[in-house]
Amino acid sequence: MTDAKKNLKKHLVLVVEDEEDIVRLISYHLEKEGYSVLSAGSGPEALDYVFEHHPDLVILDIMLPEMDGLEVCRRLRSSEKTASTPILILSARKEELDRVLGLEMGADDYMIKPFSVRELMARVKAMLRRVEHFAGIQDSAGREEEKVLKGGDLLLYPERYRVTVAGQNCNLTHKEFVLLHLLMLHPGKVLTRELLLDRVWGYEVEVDTRTVDVHIRYLRQKIEPDPANPRYIETVRGVGYRFAGEPG
Ligand code: CA
């Protein structure tokens, strides 16, 4: 094991898939990268494991016995404890992607089977780096008072990984949280879709800036009192988005 790998914090990845060959392949590569791996072969087993072991990331196949991956994803997102657990979906047919990534399911990323293991590992690493980044912010904040970001009735608690509107908790996915956090760190400033794509997705994939628009749309549905007339996240046509803060 190299020094770099020894220094890596041991993240726990849950692989949910009933095809044993694929589980073996993914597990082998994850362990080679220094991650701890747990696997579940059905939907109910996956839910049990997530609530029991709190994995840092879930790789979730859609075609599963007993309960499919979409239902597993939906249930994880609707529980406060697991609402922001990063989820990477496998085997979604292309037509399902908007649903998978959207408000209803709220997955953070997806890969279509057959996938390249190298590409899967790159995405897993990128997703876990972002988790680490936020954990790092928490650690360095230590016992100091939490710096809450505020815009009107909207509050974002970086350390508690929590967003509220008028005191009501919004269950954001990991990506939605990162996106909103980034916008709120630069109130009044236009962030281009390319910049957001780079900072939130941060790696080379076939996703384009339309992905940013889709996520902004779902984010608005969760935080805006009237998503059709957004008061927090403004669209700057042809450029990007801006956090407006106070109701305008
Ligand atoms: Ca399967």
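None of the values given here were measured: they were computed from a predicted structure.

### Side note on unusual backbone geometry
Of note, the amide linkage connecting K113 to P114 takes the cis form, showing an omega dihedral of -5°. Looking at where P114 falls in the secondary structure, it is placed in the loop between β5 (109-111) and α6 (117-141). Not every positive phi belongs to a glycine, and H54 is a case in point at roughly 45°. For H54, the position within the fold is in the loop between α3 (43-53) and β3 (57-61).

### Brief notes about the coordination of the calcium ion
Taken together, E17 (OE), D18 (OD), D61 (OD) and M63 (O) make up the protein donors of the calcium ion, found 2.1 to 2.4 Å from the metal. Here the donor residues for the calcium ion map to a single chain with the spacing E-D-x42-D-x1-M. Taken as a pair, D18 in the loop between β1 (12-16) and α2 (20-32) and M63 in the loop between β3 and α4 (69-78) lie far apart in primary sequence, 45 residues in all. In this structure D18 comes out as partly exposed when scored by relative accessible area, which is 37%. In this structure M63 comes out as exposed when scored by relative accessible area, which is 62%.

### Some words on the side chain of D56
Note that D56 resides in the loop between α3 and β3. Side chain to side chain, D56 and H11 meet in a polar contact 3.4 Å long. A polar atom in the side chain of D56 sits 2.7 Å from the backbone nitrogen of L12.

### Describing the sheet that holds strand β12 (residues 240-243)
Spatially, β10-β12-β11 is the arrangement adopted by the three strands of the open sheet, whose pairing is antiparallel. Every interior strand has two partners, whereas the edge strands, β10 (190-192) and β11 (233-236), have only one. The sheet shows a mean angle of 30° between the axes of neighbouring strands, direction not considered. Strand direction decides the pairing type here: β10 and β12, joined by three bridges, are antiparallel. Each residue of the ladder has a partner; that of V190, found in β12, is R242. Together, β10, β11 and β12 form the strand contacts of helix α7 (residues 174-185), whose direction differs from that of β12 by roughly 65°. Across the face of the sheet, helix α8 (residues 193-201) comes into contact with β10 and β12 while running at roughly 70° to β10.

### Details of the sheet that holds strand β7 (residues 154-157)
The strand order across the open sheet built from four strands is β6-β7-β8-β9, with neighbouring strands paired in antiparallel fashion. Since the sheet does not close on itself, it has two edges, and those belong to β6 (149-151) and β9 (168-170), each with one partner. Pairwise comparison of adjacent strand axes, ignoring direction, gives a mean angle of 25° for this sheet. One ladder, built from four bridges, connects β7 with strand β8 (residues 162-165); its direction is antiparallel. By the bridge assignment for β8, Y157 is matched with R162. Against the sheet, α7 makes contact with β6, β7 and β8, and its axis sits at roughly 110° relative to β7, the strand it touches most.

### Structural notes on the confidence of the model for the protein
For the protein, per-residue confidence averages 84 on the pLDDT scale, and residues scoring 70 or more make up 84% of the total. Across the protein, the secondary-structure element scoring lowest on mean pLDDT is helix α1 (residues 3-7), at 45, and the one scoring highest is β1, at 97. Confidence over residues 1-8 falls short of pLDDT 50; this stretch has six contacts with residues more than four positions distant or in other chains.

### Examining the packing of α7 against helix α9 (residues 209-223)
One can describe the packing of α7 onto α9 by two numbers: an axis separation of 10 Å at closest approach and a directional angle of 85°. Overall, the two elements α7 and α9 adopt an arrangement that is roughly perpendicular. Seen from α7, the contacting residues are K175, E176, L179, L180 and L183; seen from α9, they are H215, I216, Y218, L219, K222 and I223. For the contact of α7 with α9, a count of residues per class yields seven nonpolar, one polar and three charged.

Here is what the cut-offs are and how they apply
Residues numbered from 1 in each chain as written. Predicted model: local features only at pLDDT ≥ 70, side-chain atom pairs only at ≥ 80, totals over all residues. Heavy atoms only, no water. Helix = DSSP H or I, 4+ residues; strand = E, 2+ residues; numbered from the N terminus. Donors = N, O, S within 2.8 Å, 3.2 Å for Na, K, Ca; no water. Buried < 20%, exposed > 50% of the residue type's maximum accessible area, 1.4 Å probe, protein only. Polar contact = N/O pair within 3.5 Å; in protein donor to acceptor, adjacent residues only side chain to side chain. Pairing = 2+ DSSP bridges. Axes fitted to C-alpha atoms, helices over the stretch in contact; angles between N-to-C directions. Contact = heavy atoms within 4.5 Å. pLDDT = per-residue confidence, 0-100. Parallel < 35°, antiparallel > 145°, perpendicular 65-115°, else oblique. Nonpolar A, V, L, I, M, F, W, Y, C, P; charged D, E, K, R; others polar.

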